[in-house]
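If you want the building blocks of each chain, they are given just below.
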Amino acid sequence: MPARSSVVESRTNNGDFWKFWTGQTISTLGSSFTSFALPLLIFKLTGSSLFLALTLTATTLPYLLFGLIIGAWADRIDRKRLMIVTDIIRALMVASLPFGALLGFLSVWWIYVVAFLQSTMSICFDAANFAAIPSLVSQEDLVTANGRIQAGYSTAKVIGPLLGGLLIVVVPLPLLFCIDAASFLLSAGSLLLIRTSFQNSPSEQKPPTSLRQDVIEGLHYVLKHPILSWITLLLLLVNFILPTSSAQLVLFTKQWFAASDFQIGLLYASGSLGTVILSLTAKHFHKRWSLGAIALGALMIEGGLTALTALTHSYWALLLLWTLRGGADILFLIHAYSLTQTTVPHRLLGRVITVTRVLTWSTASLGALLGGFVIAQTGQVALIYAVVGLLILGIAFTFFFTPLGQSEQYLAKDTAS
């Protein structure tokens, strides 16, 4: 009887996983329209590298202001309900962009306000989302599950910019945000269908504590852990350098390759194309190398490919390089996420992911602003891309000599203890 019950529970969780996967893939498809349309809209309104950089500032600032509190709070309440409510709020906020354009009051500053509020809601959603996946699959299936999720996300990110590039030929650019608003509502509906709880297992329950104690516990866990502390330091450096290459992609392709709006959409899609294959094959890499080694190797490749984009004026060569870069980036993300989810107790997952992002995304806006300022002063956008890529390659190589490069040894010690 116990064995039969276990099989039934496994099948139920598997069905819930695919409901989760479907809803989040649809949501990612909608958000990929926004990811393509938002920088293009800001570029058309301002034509400025600094205004493009400020977009990243608006989206990362909420993590610095609210991240620690929200992460601890998300671990104390019903995670599924939190995700549903934030999806509905995000749908209303993103819908304000086409509504504002229709009424004639859409400005770059209103876009920043929406980006700030959207990011704040996304902190709530992501804290719960990060803890949801280990509730839906076993620990042994985490890499596979994360790979499938990222493959779905990546496929959506291929389709969205391609359709967006075609649609802006016949519809006003702000109307693309309506697709994102609708996708948030569909995501909320899919979460309502899931029966599995996203909360702690009974064995992980602990006596009630204050919100302040929960924040301190999350900070202490991240900073003291031999693997998480090095991941945090790595991301702190990477997030200071790498976001410039994403924030300035529209400017880079417009100036360096004279790309059309459709070609920019194609480029955004190509950045996700390589991730589909790499996401689905991620589990095979783990059979040969440790999670930390794969993450660092992928980051080195991403840095090298970013540097190579500055050495060509061929749009089609850029398209190939950006496709491969997207695959390397998702390989890094999958294994960094899986390593974190394997290491951290379930009850701490919401706090740990937000603590990590607060500590590491604090440098993202500063780095993007610095990159935008240097480009504005020098006009050397391609040179900045080369420097960014080489720095990332060097940092990733250096981290092979830290505990992150020998992560399996530390995970074995944790299991033994």
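Residues numbered from 1 in each chain as written. Predicted model: local features only at pLDDT ≥ 70, side-chain atom pairs only at ≥ 80, totals over all residues. Heavy atoms only, no water.

### Description of the overall build of the protein
Here's step 1: Counting secondary structure elements, the protein contains 17 helices and zero strands.
Here's step 2: The proportion of buried residues among the 417 residues of the protein is 56%.
Here's step 3: Restricting to contacts in the protein with at least 6 residues of sequence separation, those with at least 24 account for 89%.
Here's step 4: Total accessible area on the protein stands at roughly 17,900 Å², and carbon and sulfur atoms take up 69% of it. (Helix = DSSP H or I, 4+ residues; strand = E, 2+ residues; numbered from the N terminus. Buried < 20%, exposed > 50% of the residue type's maximum accessible area, 1.4 Å probe, protein only. Contact = heavy atoms within 4.5 Å. Areas by Shrake-Rupley, 256 points an atom, 1.4 Å probe, with all protein chains shown as cover.)

### Focus: the pattern of salt bridges
Here's step 1: With the rule as written, the count across this model stands at five salt bridges.
Here's step 2: Connected via shared salt-bridge partners are Lys 44, Lys 254 and Asp 261. (Salt bridge = Lys/Arg side-chain N within 4 Å of Asp/Glu carboxyl O.)

### Observations regarding the confidence of the model for the protein
Parts of the model with low pLDDT should not have their predicted coordinates read in detail.
Here's step 1: Averaged over every residue, the pLDDT of the protein is 82; the share at 70 or more is 89%.
Here's step 2: Scored below 50 in pLDDT, residues 1-12 shows zero contacts in the model against residues more than four places distant or in partner chains. (pLDDT = per-residue confidence, 0-100.)

### A closer look at the packing of aromatic side chains
Here's step 1: Scanning the entire structure with this criterion turns up 12 aromatic pairs.
Here's step 2: Judged by centre distance (5.5 Å) and plane angle (70°), the ring pair of Trp 109 and Tyr 112 falls under edge-to-face. You can see Trp 109 and its partner Tyr 112 sitting in helix α4 (residues 108-136), three residues apart, about one turn around the helix.
Here's step 3: You can call Trp 109 exposed: its relative accessible area is 54%.
Here's step 4: Judged by relative accessible area, Tyr 112 falls into the buried class, the value being 9%.
Here's step 5: Among the aromatic residues, those joined into a ring-pair cluster are Phe 17, Trp 18 and Trp 21.
Here's step 6: A cation over a ring is seen here: Arg 90 above Phe 125, with NZ or CZ 4.4 Å from the ring centre.
Here's step 7: The lysine or arginine in question, Arg 325, covers the ring of Trp 322, its NZ or CZ lying 4.3 Å from the ring centre. (Phe/Tyr/Trp six-rings, centres within 6.5 Å; stacked < 30°, edge-to-face > 60°. Lys NZ or Arg CZ within 6 Å of the ring centre and 35° of its normal.)

### A short note on the environment of Arg 76
Here's step 1: You can see Arg 76 is positioned in the loop between α2 (49-74) and α3 (79-103).
Here's step 2: Between the C-alpha atoms of Arg 76 and Leu 211, which are 135 residues apart in sequence, the distance is 8.7 Å.

### Points about the nonpolar core
Here's step 1: Counting 78 residues, the largest nonpolar core has Leu 234, Phe 252 and Leu 404 as its most contacted members.
Here's step 2: Sequence-distant contacts of Leu 234, defined by excluding residues within four places in its chain, comprise Leu 296, Leu 299, Phe 332, Ile 395, Phe 399 and Leu 404.
Here's step 3: The next biggest cluster of nonpolar side chains, apart from the first, holds 26 residues, and it includes Leu 82, Ala 128, Leu 136 and Ala 145. (Core = buried A, V, L, I, M, F, W, Y, C linked by side-chain atoms within 4.5 Å.)

### Focus: a nonpolar patch on the surface
Here's step 1: A contiguous nonpolar patch, built from Ile 159, Leu 163, Leu 166, Leu 167, Val 169, Val 170, Ile 179 and Phe 262 and spanning about 690 Å² of accessible area, is present on the exposed surface.
Here's step 2: Looking at which element gives the most residues to the nonpolar patch, the answer is helix α5 (residues 142-167), with four residues. (Patch = residues over 30% accessible without salt bridge, like charges linked within 9 Å, V, L, I, M, F, W, Y side chains within 5 Å.)

### So, the packing of helix α10 (residues 249-257) against helix α14 (residues 315-343)
Here's step 1: Taken N-terminus to C-terminus, the directions of α10 and α14 make an angle of 150°; their axes are 11 Å apart at the nearest point. In terms of orientation, α10 lies roughly antiparallel with respect to α14. Of the two possible hands of crossing, α10 and α14 adopt the one that is right-handed. Two secondary-structure elements touch here, α10 through Leu 249, Phe 252, Thr 253 and Phe 257 and α14 through Tyr 315, Leu 318 and Trp 322.
Here's step 2: Here the contact of α10 with α14 is composed, by residue class, of six nonpolar, one polar and no charged. (Axes fitted to C-alpha atoms, helices over the stretch in contact; angles between N-to-C directions. Parallel < 35°, antiparallel > 145°, perpendicular 65-115°, else oblique. Left-handed = near helix turned anticlockwise from the far one by under 90°. Nonpolar A, V, L, I, M, F, W, Y, C, P; charged D, E, K, R; others polar.)

### Observations concerning the side chain of Ser 190
Here's step 1: With respect to the secondary-structure elements, Ser 190 resides in helix α6 (residues 177-192).
Here's step 2: Residue Ser 190 is classed as buried on the basis of its relative accessible area of 9%.
Here's step 3: A polar contact is formed between the side chain of Ser 190 and the backbone oxygen of Ser 187, at a distance of 2.7 Å.
Here's step 4: Not counting residues up to four positions away in its chain, the partners in contact with Ser 190 are Lys 19 and Gly 23. (Polar contact = N/O pair within 3.5 Å; in protein donor to acceptor, adjacent residues only side chain to side chain.)

### Overview of the packing of α3 against α4
Here's step 1: Contact pair α3 / α4: the axes reach a minimum separation of 9 Å and the direction vectors enclose 160°. Comparing their axes, α4 and α3 come out roughly antiparallel. Judged by the twist between their axes, the crossing of α3 over α4 is left-handed. From α3, Arg 79, Leu 82, Met 83, Thr 86, Asp 87, Ile 89, Arg 90, Met 93, Val 94, Ser 96 and Leu 97 reach across to α4, where they touch Trp 110, Ile 111, Val 114, Leu 117, Gln 118, Met 121, Ser 122, Cys 124, Phe 125, Ala 128, Asn 129 and Ala 131.
Here's step 2: Here the contact of α3 with α4 is composed, by residue class, of 15 nonpolar, five polar and three charged.

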